[in-house]
Amino acid sequence: MGGDDHLDRIRVAQALKALSPEERKLLELAYFQGYSHSELALLLGWPLGTVKSRIRRALAKLEGKLR
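Procedures and definitions
Residues numbered from 1 in each chain as written. Predicted model: local features only at pLDDT ≥ 70, side-chain atom pairs only at ≥ 80, totals over all residues. Heavy atoms only, no water. Core = buried A, V, L, I, M, F, W, Y, C linked by side-chain atoms within 4.5 Å. Buried < 20%, exposed > 50% of the residue type's maximum accessible area, 1.4 Å probe, protein only. Helix = DSSP H or I, 4+ residues; strand = E, 2+ residues; numbered from the N terminus. Contact = heavy atoms within 4.5 Å. Axes fitted to C-alpha atoms, helices over the stretch in contact; angles between N-to-C directions. Parallel < 35°, antiparallel > 145°, perpendicular 65-115°, else oblique. Left-handed = near helix turned anticlockwise from the far one by under 90°. Nonpolar A, V, L, I, M, F, W, Y, C, P; charged D, E, K, R; others polar. Salt bridge = Lys/Arg side-chain N within 4 Å of Asp/Glu carboxyl O. Patch = residues over 30% accessible without salt bridge, like charges linked within 9 Å, V, L, I, M, F, W, Y side chains within 5 Å. Areas by Shrake-Rupley, 256 points an atom, 1.4 Å probe, with all protein chains shown as cover. Expected span 1.5 Å × (residues − 1). Arc of directions from axis to C-beta.

Caption draft 1: Looking closely at the nonpolar core. Among the nonpolar cores identified, the biggest contains 13 residues, and L16, L19, L27, L40, V51, I55 and L62 are the most heavily contacted of them. Of all elements in the fold, only α1 (3-17), α2 (21-32), α3 (37-44) and α4 (48-66) reach the threshold of two or more residues within this core. For V51, the residues in contact, after removing those within four places along its chain, are H37, L40, A41 and W46.

This is the structure we're talking about:
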């Protein structure tokens, strides 16, 4: 692993810590565990639109922290 990769991982880990526990969990389930939005809606008992908007909001917040 190169030095840049290590620094990127540190930056992402720090940015993830700035998210709420719910936002972190949603991104973890969607991107690290591979759940689709539809699967998350069923798993969490939320409407699909709620899942999509909360993931979109969490990603925007994460992007802002990484800039």
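Caption draft 2: Geometry of the packing of α2 against α3. Running from amino to carboxyl end, α2 crosses α3 at an angle of 135°, the nearest separation of the two axes being 10 Å. Classified by the interaxial angle, the pair formed by α2 and α3 is oblique. For α2 against α3, the interelement crossing comes out right-handed. Only L40, L43 and L44 of α3 make contact with α2, whose side of the interface consists of L26, L29 and A30. For the contact of α2 with α3, the residue count by class is 6 nonpolar, no polar and no charged.

Caption draft 3: Looking closely at the pattern of salt bridges. Going through the model one piece at a time under the given rule, you end up with 4 salt bridges. For E22, the salt bridge is made with R54, and the minimal N-O distance between the two is 3.3 Å. Pair noted here: E22 is in helix α2 and R54 is in helix α4, with a separation of 32 residues, a long-range link. On the accessibility criterion, R54 (26% relative accessible area) is partly exposed. The shortest N-O distance in the salt bridge between E63 and R67 comes to 2.7 Å.

Caption draft 4: Seen up close, a nonpolar patch on the surface. On the surface, a nonpolar cluster with roughly 340 Å² of combined accessible area is contributed by Y31, F32 and L59. Examined against the element boundaries, L59 turns out to sit in helix α4.

Caption draft 5: Examining α2 more closely. In this model, α2 (12 residues) spans 15 Å end to end at C-alpha, consistent with the 16 Å of a helix rising 1.5 Å per residue. All of the buried residues along α2 are E23, L26, L27, L29 and A30. Take α2 and look down its axis: the buried residues cluster within an arc of 165°, on one side only. For α2, the exposed residues set more than 90 degrees away from the buried face come down to P21 and F32. Looking at the buried positions of α2, the neighbouring elements they touch are α1, α3 and α4. Just beyond α2, the residue with positive phi is G34, at close to 80°.

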